[in-house]
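Coordinates in review
Here are the chains, one letter per residue:
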Amino acid sequence: MTVSVVVGAQWGDEAKGKIVDLLAQRARYVVRYAGGSNAGHTVCINGTTYKFHLIPSGVLHPHVTAVIADGVVIDLRAFTTEAAVLREQGVDLSRLRIGLGVHLTMPYHRLLDELEEAQLEGRLGTTKRGIGPTYADKAWRIGVRVADLLERDRLAQRLQRVLQRRNPTLQRVYGVKPLNADELIAEFSQYAEQIRDYVCDVPHLLMNAAEQGEPILLEGAQGTLLDLDYGTYPYVTSSHPVAAGACLGTGIAPNRLTDIWGVAKAYTTRVGEGPFPTELEDETGERIRNRGREYGTTTGRARRVGWLDLVALRYAARVNGFTALALTLLDVLSGLPQLKVCVAYRYRGRETREFIADAPALAQCEPVYHELPGWHEDIAHCRTLDDLPSNALAYLNFIEEYVRVPIRLVSVGPSREQTIGEV
Ligand code: IMP
């Protein structure tokens, strides 16, 4: 029996979708536990590309129940579009479940996120999907949950109450039109009918499944360095991508977790603002960005690119308690004569191996690099460690020794087959 968690070990976009898809082969439940439609997971199977923002990618497996757990926030406009595209691609969504406690990202959340981001000062570079304002309302205890949606009177009461708070802000602070409660109630009552059959008590569903020994896979979104508490605050998301967040978001107790997978790219990327010590703003960075097609699945933004930061990866391994690593996009590094990995930071005249999560302090850190020779061979066809050039193997060994977590999967291309290692 396993309850596995897949966690992003960097700033998101680590190709978790592919790793989740591989691990889902053995799972009965695949569960999204945090974040919302700010996430973007891509899975390629037999030449077809499937894109997920909210729906767990495990839904592609006929034996899997795909669950959106209570820690997630759901934008029902985005959900409806995503579900329609997947249905058109022939995906069966009847095995989808959505928690009663899931908070709704409402049109005013999206609007507030956009309006806030339009102000230059204090800009975070969010995905403008309304994620921060939704979690803020949850903490303010004025959020609207799936359970509210299912009863029209309850929904009307909640929405009227929250618009009394939000409309004056929209009007007086941002000078935009207030939202009409009746229109919102009508629109969201329709969504209620579209999702009613999927809704259930997710903590009980998952607690029972765990007790019965069913294999469960908890699918993280974003990454450790974007965690609200353990990331580079304030340049973070507003939920908890870390492994502990999987327990908070699902109701599964910490002592039930058996495998904690960290997914890391063979280099580093970041989208949005915030410090990034190993960032490359030169030709090498451009080359990695183009080879790795480093443009956002959700926003299309060009991702910032840099060398692998082992100080950050070791921190992620400790915060999450990784039991295994999956290293992705190793093929992207082929052809670079020399590779650098960051093994320490120089901060205020001292060297440290401890990650500094405080954003202004991290911005002052200079990376201390270890250099390794690169390899020129294309490795996209490699299927075992023996197929890899010796310099690629040495690169993997160096990472394992530094982070002290075994690399159990290596991805050398987007398709399922382009994988080294067993799940
Ligand atoms: P938010 O989650 O939209 O509030 O954005 C907060 C920060 O997290 C911004 O820097 C985003 O670019 C980043 N972010 C959010 N979701 C993802 C993701 O799935 N991949 C990478 N970065 C993300």
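In this convention, every chain numbers its residues from 1, walking through the sequence in written order. Local features in a predicted model are, by the rule used here, given only for residues with pLDDT of at least 70; side-chain atom pairs are given and counted only at 80 or more, and totals for whole chains, interfaces and linings are based on all residues. Only hydrogens and water are set aside when side-chain values are computed; all heavy atoms of the structure are taken into account.

**Considerations on the domain arrangement of the chain**
Bear in mind that the domain bounds are from an automatic or database domain assignment. The domains assigned to the chain are domain 1 (3-99 + 206-260), domain 2 (103-195) and domain 3 (264-420). Relative placement of domain 2 and domain 3: their C-alpha centres are 37 Å apart. Contact residues are listed per partner, giving six residues for domain 2 and five residues for domain 3. Salt bridge, as used here: a side-chain nitrogen of Lys or Arg that lies within 4 Å of a carboxyl oxygen of Asp or Glu. Run the count over domain 2 and domain 3 and you get one salt bridge. Residue Arg123 is joined to Glu273 by a salt bridge in which the shortest nitrogen-to-oxygen separation is 3.2 Å. Nitrogen and oxygen atoms within 3.5 Å of one another constitute a polar contact, given that in protein one can donate a hydrogen and the other can accept it, and given that sequence-neighbouring residues count only through two side-chain atoms. Linking domain 2 with domain 3 are three residue pairs in polar contact (both at pLDDT 80 or more), by the criterion used here. Classifying every residue of the side of domain 2 that touches domain 3 by side-chain character gives one nonpolar, three polar and two charged. Whether two residues touch is decided by their heavy atoms; if any such pair falls within 4.5 Å, the residues are in contact. Note on residue categories: nonpolar means Ala, Val, Leu, Ile, Met, Phe, Trp, Tyr, Cys or Pro, charged means Asp, Glu, Lys or Arg, and polar means any other residue, Gly included.

**Topic: the site of the ligand**
By convention in this text, a residue qualifies as near a molecule or strand provided that one of its non-hydrogen atoms is within 4 Å of it. Taken together, 15 residues are adjacent to the ligand, and Asp13, Asn38, Thr127, Thr237 and Arg301 come closest. One of the side-chain nitrogen or oxygen atoms of Asn38 is found 2.8 Å away from an oxygen atom of the ligand. Separating an oxygen atom of the ligand from a backbone N or O atom of Gly125 is a distance of 3.3 Å. Note that accessible areas follow from Shrake-Rupley with a 1.4 Å probe, and for residues the cover is restricted to the protein chains shown. Isolated, the ligand exposes 470 Å² of accessible area, and the fraction of that covered by the protein chains is 96%. Residues that form the shell around the ligand fall into these classes: six nonpolar, seven polar and two charged.

**Let's talk about the pattern of salt bridges**
Using the criterion set out here, one finds 21 salt bridges in the structure. One salt bridge in this structure joins Glu117 and Arg123, with 3.8 Å as the shortest N-O distance. Overall, the relative accessible area of 32% leaves Arg123 in the partly exposed class. Here the residues in one salt-bridge network are Asp13, Lys265, Glu294 and Arg303, joined through shared partners. For every residue, the accessible area obtained with a 1.4 Å probe (protein chains only) is divided by the maximum for its type, and the residue is called buried under 20%, exposed over 50%, and partly exposed between those limits.

**Observations concerning the sheet that holds strand 1 (residues 3-8)**
Strand order in the open sheet formed by 10 strands is 9-7-5-2-10-1-11-15-19-20, and the pairing between neighbours is mixed. Two strands in the sheet have a free side with no partner beyond their single neighbour: strand 9 (199-200) and strand 20 (419-420). Across two bridges, strand 7 (residues 96-99) lies against strand 9 in parallel orientation. Counted as the bridge partner of Ile98 is Val199 from strand 9. For two strands to count as paired, DSSP must find a minimum of two bridges between them. Each helix is a run of H or I in the DSSP string that is no shorter than four residues. Each strand is a run of E no shorter than two, and both are numbered from the N terminus.

**Quick look at unusual backbone geometry**
Omega for the bond connecting Tyr233 with Pro234 falls within 30 degrees of zero, at 10 degrees, which places this linkage in the cis form. Position of Pro234 relative to the elements: it lies in the loop between strand 10 (216-219) and helix 9 (243-250). Positive phi, close to 65 degrees, is recorded for Arg141, a residue that is not glycine. Among the secondary structure elements, Arg141 is positioned in the loop between helix 4 (131-140) and helix 5 (146-149). For Arg141, a relative accessible area of 64% gives the class exposed.

**Some points on the side chain of Gln418**
Position of Gln418 among the secondary structure elements: in the loop between strand 19 (407-411) and strand 20. Overall, Gln418 belongs to the buried group, its relative accessible area being 15%. Of note is the side chain of Gln418, whose polar atom sits 3.4 Å from the backbone oxygen of Ala380. The residues contacting Gln418, other than those within four sequence positions of it, are Lys18, Ala380, Arg383, Val410, Ser411, Val412 and Gly413.

**Here's the deal with the pairing of strand 10**
Here strand 10 shows two buried faces, one formed by Ile216 and Leu218 and the other by Leu217 and Glu219. The sheet contact formed by strand 1 and strand 10 spans four bridges and is parallel. By the bridge assignment for strand 10, Val3 is matched with Ile216. Note that strand 2 (residues 29-32) and strand 10 share four bridges and pair parallel. Residue Val31 lies in a different strand from strand 10, and its bridge partner there is Leu218.

**Some details on the packing of helix 3 (residues 107-118) against helix 4**
Two elements in contact, helix 3 and helix 4, have axes separated by 7 Å at closest approach and are oriented at 120 degrees. By the angle class used here, helix 3 and helix 4 are oblique. Crossing geometry of helix 3 relative to helix 4 is assigned as right-handed. For the pair helix 3 and helix 4, the contacting residues are Tyr108, His109, Leu112 and Asp113 in the first and Ile131, Pro133, Thr134 and Asp137 in the second. Every axis corresponds to a line fitted to the C-alpha atoms, with the helix fit spanning only the stretch in contact, and the corresponding angles, defined between N-to-C directions, vary from 0 to 180 degrees. Angles below 35 degrees are treated as roughly parallel, those above 145 as roughly antiparallel, those between 65 and 115 as roughly perpendicular, and all remaining angles as oblique. By definition, any crossing whose near helix is turned counterclockwise from its far helix by less than a right angle is left-handed, and any crossing with a clockwise turn is right-handed.

**Considerations on the state of the cysteines**
Cysteine sulfur atoms that pair up within 2.5 Å are treated as a disulfide. A complete count under the given rule lists zero disulfides for this structure. For the unlinked cysteine Cys44, the closest cysteine sulfur is that of Cys382, found at 19 Å. The class of Cys44 is partly exposed, set by a relative accessible area of 22%. With no disulfide partner, Cys200 has as its closest neighbouring cysteine sulfur the one in Cys247, 18 Å distant. Its relative accessible area of 18% is what places Cys200 among the buried residues.

**Examining the packing of helix 6 (residues 152-173) against helix 7 (residues 181-195)**
In contact at an axis separation of 10 Å, helix 6 and helix 7 are set at 140 degrees when each is read in the N-to-C sense. It follows that helix 6 is oblique to helix 7 by the angle criterion. Crossing hand, helix 6 versus helix 7: right-handed. Residues Arg152, Leu155, Ala156, Leu159, Gln160 and Leu163 of helix 6 form the contact with helix 7, whose participating residues are Ala181, Leu184, Ile185, Phe188 and Ser189. Split into classes, the residues belonging to the contact of helix 6 with helix 7 amount to eight nonpolar, two polar and one charged.

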